[in-house]
Amino acid sequence: MAFKSKSVKRFSVRNFLAAILHPFMSSPTDAPGVFTPAGKPSHIDVGLWHSLLFTSELSAQCKLERMVYGKCTIEFEHEFLLLHFRHPTQHHAVAILTLERTCAENTTGSSRSAGQAVIVSPSVSPITAKDTITPTTSSSFTIDSYVTQEFGPHKYLFELDFPASARPSAMQVSILLCVLSKHSPMYELLQYQCYWYAYTVWEALKKLFPEHVERPLNEGRSRFKGQPIKKAESVNTVCEQYRAEWAQFEEAVGERRRAKEEEERRVRMAVLAEGRAQRQPEVDDERRQREEAERKANEAEKRADEERRQREEAEAELNRMRARMAELERRAA
């Protein structure tokens, strides 16, 4: 569904009409993992989300047209992203998904809440990271109301728009997220925390898809209580790993496409062969009829030639007889 963000006050005829017409437009149900039926939003591990996109070609083809960089303003000042995906065929439909890194609760950490999102204060030792994406559901709330309910008080730091000709697909985004999780599967307070995750996803997509427009809204990215937080610098490495993974994905897709085309060709040839086998008696009968017709035509032509030859011989003999009669008459005179 298309939520409204109150971060920037800009008038748009398209957005105005969309806001009026949206209540009368049903949310798509053919793109699981991106567009979700009404109900409680489900937090999905990014690896499972990647697998879910394989179940629907339309899901994989949804395009990322906007990202918003969010930050909680209380407690641990958790950072997260909002991803706006447009449906590939129902162009009025836009789904907004939240993306974040938290960590699994354990006995050495204490759970803290920011809205309804569980933010864990980890110990010095690394613990397993939870990289989750959450498709929001259709409701009458604006996205800001939803984010407040989910994360608590917050603000937006940046907006990033991709032009229609250069938008990442949901599949491309999912592969990037899998690369990040593989790159740092552990939540480390001083390197691989939510600040690192949001920052790296944001900057990697900017680097991989350079045709974009970024707008700063507020300060405070990667800061806690105004102080910069140390985090790993992984953007270049992640982009290189993404390119390698995407190349392998495209190669696998090409192989599946070629295998499918070969199977379709084999089926077509089998159908043609079966059709020819079924029509063979009819074909043989048609051939026999054609050969019989050709034989009769040849015989008729031969008879005509013979009759013409006989006429010509008869005419020649008659002419010879006439010539002899004329010669006899001449001598008698």
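See above for the structure.
Here is a short report on the structure shown in this document. (Residues numbered from 1 in each chain as written. Predicted model: local features only at pLDDT ≥ 70, side-chain atom pairs only at ≥ 80, totals over all residues. Heavy atoms only, no water.)

### Let's talk about the pattern of salt bridges
A complete count under the given rule lists 25 salt bridges for this structure. Of the charged contacts in the structure, one is a salt bridge between R66 and D161, with a shortest N-O distance of 2.7 Å. Highlighted residues: R66 in strand β2 (residues 63-72) and D161 in strand β8 (residues 154-161), separated in sequence by 95 residues. The same class applies to R66 and to D161, which are both buried. Between K206 and E203 there is a salt bridge, with its nearest N and O atoms 3.3 Å apart. Residue K206 and its partner E203 are located together in helix α6 (residues 194-208), separated by three residues, close to a single helical turn. Accessibility classification places K206 together with E203 in one group, the buried group. Beyond isolated ion pairs, a larger network of salt bridges with shared partners links R66, E159, D161 and R215. (Salt bridge = Lys/Arg side-chain N within 4 Å of Asp/Glu carboxyl O. Helix = DSSP H or I, 4+ residues; strand = E, 2+ residues; numbered from the N terminus. Buried < 20%, exposed > 50% of the residue type's maximum accessible area, 1.4 Å probe, protein only.)

### Thoughts on the pairing of strand β4 (residues 94-103)
Counting buried residues along β4, ten of its ten residues qualify, which places the element largely inside the surrounding structure. Burial of the side chains of β4 extends over both faces: V94, I96, T98, E100 and T102 are buried on one face and A95, L97, L99, R101 and C103 on the other. Pairing of strand β3 (residues 79-86) with β4 involves six bridges; the strand directions are antiparallel. When the bridges of β4 are listed, H84 appears paired with I96. (Pairing = 2+ DSSP bridges.)

### Examining the nonpolar core
Side chains of a nonpolar character, in soluble globular proteins, are inclined to be buried together. Counting residues in each nonpolar core, the largest one holds 50 residues, and the members touching the most others are V34, W49, L83, F85, L99 and L177. Among the secondary structure elements, those contributing two or more residues to this core are α2 (46-53), β2, β3, β4, β8, α5 (170-183), α6 and α7 (235-332). Among the elements that line this core, the one with the most residues is α6, at nine residues. Apart from the residues within four sequence positions on either side, W49 is in contact with G33, V34, I44, F85, L97, I133, A170, V173, S174 and L177. Of all hydrophobic cores here, the second largest spans ten residues; its members include L82, I96, V147 and Y156. (Core = buried A, V, L, I, M, F, W, Y, C linked by side-chain atoms within 4.5 Å. Contact = heavy atoms within 4.5 Å.)

### Details of the packing of α6 against α7
At a minimum axis separation of 9 Å, α6 and α7 run at an interaxial angle of 60 degrees. The angle between α6 and α7 falls in the class oblique. Two packed elements cross with a definite hand, and for α6 against α7 that hand is right-handed. Of the residues in α7, those touching α6 at Y199, T200, E203, A204, K207 and L208 are V235, N236, V238, C239, Y242 and R243. Of the residues in the contact of α6 with α7, the class split is seven nonpolar, two polar and three charged. (Axes fitted to C-alpha atoms, helices over the stretch in contact; angles between N-to-C directions. Parallel < 35°, antiparallel > 145°, perpendicular 65-115°, else oblique. Left-handed = near helix turned anticlockwise from the far one by under 90°. Nonpolar A, V, L, I, M, F, W, Y, C, P; charged D, E, K, R; others polar.)

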